[in-house]
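Fold and geometry: a report
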Amino acid sequence: MRKLKLREGVDLANLFGPHDLHLKMIEGELQVRMAARGDEITLHGQPESVLRAEHILRELADWTRTYYELKPDDISRAIRATEEQRDIPLKPFTFSASALPTKKGHVNPKTPNQQTYLEAINKSDLVIAIGPAGTGKTYLAMAMALAALTQKQVSRIILARPAVEAGEHLGFLPGDLFAKVHPYLRPLYDALYTMMDIDRANRLLERGEIEIAPLAFMRGRTLDDAFVILDEAQNATTEQMKMFLTRLGLNSKAIVTGDITQIDLPDSQKSGLAQIADILLNIEGIQFVYFSEQDVVRHRLVKEIIKAYDRFEQQSSTSPRKTSSGPSTVSLNHHSGSDINGQGPTL
């Protein structure tokens, strides 16, 4: 049992939340019991969990003394941030200094690695973010890109993705070139539309201030005065990665994101993202940020799913694997009704 005496000036209603919701969230996640009497909180539970809960409450209490209005999201990110380091300072993950404006309000980094990621994007012209799905790699990069465009730091945003089948053989796809590549680029459109009104986004797309394109369309270009994001970079081959990285022009910034545990390339092709750390290590102006399941900000089950797959892969790593031809890189041509896995220029 420990007793926490709160400092003078703490907004108890703000700290505890409506109907003590914030306290209940901490109790449920950390498996502790808390009883509040005035400005004193008594905590019961396992010593490590009690110390962690006490640290979170102290940090949150200080925020209320500056008239910061706590929300359930703040409680969740505080709990998540202390999973690996119990006494880590929490202020950088919620204060407005790191906030990025979007149509849904301000985007704040929610974990230490997300904070490091935003700082890296501010400082470096090339940032490589590697980690599992749901850790905010693309979302935060998109928010930074839109902030840079809005503040006229760059004149355009370019969003690129390798057009590679994710484990399925899609086969015949009708339509023109746009119709064929659009399914592969849809996630980038979805991310964009979560950041701003659809009408404004479409106007920027029509004017070319925002461009969404397959990675192969970057070949031969020089990308000046641009904020460039390569998403799903684990599906870029070594040659494609080199091509993309050498497109960077004057007053431009590039962000490369991907998850090397979800490579959809055929076995005969190497992932450019998996090799990039060895190739570009210790080059000034290039920064690597590595995310883990601790940074997952989607549904809580996503983190548990990632952990479960990691355990399964570790257990089966010594077992013989079946060989597979794997998915193929998408081939396209301008003729309506062409086979997406048939002849034509490879993206």
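Computed from a predicted structure; not experimentally measured.

1. Some thoughts on the sheet that holds strand S10 (residues 253-258)
Spatially, six strands are ordered S8-S7-S9-S10-S6-S11 in an open sheet, and the strand pairing comes out parallel. Lying at the two open borders of the sheet, with one neighbouring strand each, are strand S8 (210-214) and strand S11 (286-290). Each strand of the sheet is rotated relative to its neighbour by a mean of 15 degrees, with strand direction disregarded. With five bridges joining them, strand S7 (residues 156-161) and strand S9 (residues 226-230) adopt parallel strand pairing.

2. Quick notes on the pattern of salt bridges
Under the criterion given, the structure shown has nine salt bridges. Shared partners join several salt bridges into a network, and the residues in it are Arg2, Glu54 and Arg58.

3. So, the pairing of strand S3 (residues 40-44)
Here four bridges tie strand S1 (residues 2-5) to S3, and the two strands are oriented antiparallel to one another. In the strand pairing of S3, Leu4 is matched with Ile41. Relative to S3, strand S2 (residues 33-37) is paired through five bridges, and the arrangement is antiparallel. Residue pairing in the sheet places Arg37 in a bridge with Glu40 of S3. Following S2, the chain reverses through two residues before pairing antiparallel with S3; Gly38 in that reversal takes a positive phi of roughly 65 degrees.

4. Side note on the nonpolar core
Where a protein is soluble and globular, its nonpolar side chains tend to be buried together. One finds Tyr117 and Phe227 to be the most contacted residues of the largest nonpolar core, which totals 35 residues. For this core, the secondary-structure elements that each account for two or more residues are helix H5 (112-123), strand S6 (126-130), helix H6 (137-150), S7, helix H7 (177-195), helix H8 (198-207), S8 and S9. Here this core takes nine residues from H6, the largest share from any one element. Sequence-distant contacts of Phe227, that is, excluding residues within four places in its chain, are made with Ile121, Ala141, Met144, Ala145, Ala148, Val154, Arg156, Ile157, Ile158, Lys253 and Ile255. By size, the runner-up hydrophobic cluster in this structure holds 28 residues, among which are Leu15, Val32, Leu60 and Ala78.

5. Concerning the side chain of His22
Considering the arrangement of structural elements, one finds His22 in helix H2 (residues 21-30). Only 3.2 Å separates the side chain of His22 from the backbone oxygen of Asn14, close enough to count as a polar contact. Those residues within four positions of His22 in sequence are excluded, and the remaining contacts are Asn14, Leu15, Phe16, Gly17, Leu70, Lys71, Pro72 and Ile75.

6. Looking at the packing of aromatic side chains
Aromatic ring pairs are described here by two measures, namely the spacing of the ring centres and the angle between the planes. Summed over the entire model, instances satisfying the criterion amount to three aromatic pairs. Judged by centre distance (5.3 Å) and plane angle (90 degrees), the ring pair of Tyr117 and Phe291 falls under edge-to-face. Of this pair, Tyr117 sits in helix H5 while Phe291 is found in the loop between S11 and helix H11 (300-316), placing the two residues 174 residues apart along the sequence. Of the two residues examined, Tyr117 and Phe291, each falls in the buried class. Aromatic side chains Phe288 and Tyr290 sit 6.2 Å apart centroid to centroid with 10 degrees between the ring planes, which places their arrangement in the stacked category. Accessibility expressed as a relative area gives 45% for Tyr290, which makes it partly exposed.

7. Things to note about the sheet that holds S3
Within the open sheet, the three strands sit side by side as S1-S3-S2. Their pairing is antiparallel. Taken across any chain shown, the strands that pair with only one partner, and hence form the sheet edges, are S1 and S2. This sheet shows a mean twist of 20 degrees between the axes of neighbouring strands, independent of strand direction. Contacting S1, S2 and S3, helix H3 (residues 47-65) crosses the sheet at an angle of about 5 degrees to S1.

8. Concerning the side chain of Thr257
Within the element layout of this structure, Thr257 appears in strand S10. Residue classification places Thr257 among the buried positions, given a relative accessible area of 0%. Of note is the side chain of Thr257, whose polar atom sits 3.0 Å from the side chain of Asp231. Leaving out residues up to four positions away in the same chain, Thr257 has contacts with Tyr117, Ala129, Lys137, Thr138, Leu230, Asp231, Glu232 and Ala233.

Criteria and thresholds
- Residues numbered from 1 in each chain as written.
- Predicted model: local features only at pLDDT ≥ 70, side-chain atom pairs only at ≥ 80, totals over all residues.
- Heavy atoms only, no water.
- Pairing = 2+ DSSP bridges.
- Helix = DSSP H or I, 4+ residues; strand = E, 2+ residues; numbered from the N terminus.
- Axes fitted to C-alpha atoms, helices over the stretch in contact; angles between N-to-C directions.
- Salt bridge = Lys/Arg side-chain N within 4 Å of Asp/Glu carboxyl O.
- Core = buried A, V, L, I, M, F, W, Y, C linked by side-chain atoms within 4.5 Å.
- Buried < 20%, exposed > 50% of the residue type's maximum accessible area, 1.4 Å probe, protein only.
- Contact = heavy atoms within 4.5 Å.
- Polar contact = N/O pair within 3.5 Å; in protein donor to acceptor, adjacent residues only side chain to side chain.
- Phe/Tyr/Trp six-rings, centres within 6.5 Å; stacked < 30°, edge-to-face > 60°.

Fair warning: the whole summary comes from geometry, so function is off the table for now.
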